[in-house]
Amino acid sequence: MSNEKIYTIRITEAMNQKCGCPLCTVEDKLDADELKRILGAAMMEPDVRIKTNEQGFCENHLERLLGMSNKLSLALMLQTHLAEFAKKLYRDSIPMLKNTPDPKKQLAVLEEKRKSCYVCARKREFMSATYSAFAYMYKSDQEFDGRMREQPYYCIRHMHCLLKAAGRELSKEAYRGFCKSLNDVNGAYAQELLGDLDWFCKKFDYRYKDEDWKNSKDSVERAVKFLK
C-alpha cells in the first residue's frame, strides 16, 4: 500500500468517528502505533536503533514508554542511547573521566538533547504529509467538503496546519472554499462553546444554582481541547 493511501485511509477513519478534531484522532493513533512499533520488532531494526540512539525521546514519550509492558526492549534501547549520549556529553568513557568537560560544549549538547525525540520527529514527518493529503482529498473528491463540514471542530493547532497546507496545495478559488468550510465549522463550535462556558460560570452564581447545567459541565475540558 502506498504512503498516500495510508494517509487518506487514516484521515477517512478519523473523520468517520466524528468525536472531536479529526486530525487529533489521526495524531493520537499515530503516536500510540509508533510507541508499540518501536518496542516491538522495529526495536531490532538497525536503521531504527541508529535513530533512537541518536535522537532519544522527549519527556512525554519516555514516560509513555515506561508505562508500557515491554521493559526489556526499552532497556535495550535506553542502554545504547545513553551510551551514545554520554559520549557526546562527557567526551570520554564513563565513569573514568580524565578531564572536566567544557560547560559551553555541554550546554550545546544538552540543548540539542532537549529538542530531540525519535517519536516526535516521526510524527512531524507523518503529520506534514497528512495535512497535504487532507488538502488533496478536498481538491480531488467532490464529497469531501461535506464530510469536512460534518466534523465537530478542528483544534486551533491543526486548523493552522491545515490552512498552511491548503494554501500550498490548492488553487485560489479552492482555497477560499476550503477556508470557508473550516471557518464555518470552527465558528459555529466556538459560538456554542462560548455559550456553554458562560453558563458554566453562571452556575456558580447563587441565582442560577437550581438551574440545569445544560451542556456546560465539560465545557472547560472542551475549551482546552479546542485551544491547545
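Considerations on the packing of aromatic side chains
- Throughout the structure, instances matching the rule amount to 12 aromatic pairs.
- For the ring pair Phe-134 and Phe-178, a centre distance of 6.1 Å and an interplane angle of 90 degrees mean the geometry is edge-to-face. Taken as a pair, Phe-134 in helix H7 (residues 118–140) and Phe-178 in helix H10 (residues 172–202) lie far apart in primary sequence, 44 residues in all. With respect to burial, Phe-134 and Phe-178 carry one shared label: buried.
- Both rings, one in Tyr-153 and one in Tyr-189, keep their centres 4.5 Å apart while their planes meet at 25 degrees; by these two values the pair is stacked. Within this pair, whereas Tyr-153 is found in the loop between helix H8 (144–149) and helix H9 (156–169), its partner Tyr-189 is found in helix H10, the two being separated by 36 residues in sequence.
- Among the residues examined, Tyr-189 registers a relative accessible area of 9% and is labelled buried.
- An aromatic cluster of at least three residues, connected via ring pairs, comprises Phe-134, Tyr-138, Phe-144, Tyr-154 and Phe-178.
- Here the basic side chain of Lys-113 rests over the ring of Phe-85, its NZ or CZ set 5.5 Å away from the ring centre.

Considerations on the nonpolar core
- Counting 34 residues, the largest nonpolar core has Leu-23, Phe-134, Phe-144, Met-148, Tyr-154, Leu-162 and Phe-178 as its most contacted members.
- The set of elements that each furnish at least two residues to this core consists of helix H1 (3–17), helix H2 (22–38), H7, H8, H9, H10 and helix H11 (219–227).
- When near neighbours in sequence (up to four residues on either side) are disregarded, Phe-144 contacts Ile-11, Met-15, Phe-134, Met-137 and Tyr-138.
- By size, the runner-up hydrophobic cluster in this structure holds 15 residues, among which are Ile-38, Met-43, Leu-74 and Cys-117.

The rules behind the values
Residues numbered from 1 in each chain as written. Predicted model: local features only at pLDDT ≥ 70, side-chain atom pairs only at ≥ 80, totals over all residues. Heavy atoms only, no water. Phe/Tyr/Trp six-rings, centres within 6.5 Å; stacked < 30°, edge-to-face > 60°. Helix = DSSP H or I, 4+ residues; strand = E, 2+ residues; numbered from the N terminus. Buried < 20%, exposed > 50% of the residue type's maximum accessible area, 1.4 Å probe, protein only. Lys NZ or Arg CZ within 6 Å of the ring centre and 35° of its normal. Core = buried A, V, L, I, M, F, W, Y, C linked by side-chain atoms within 4.5 Å. Contact = heavy atoms within 4.5 Å.

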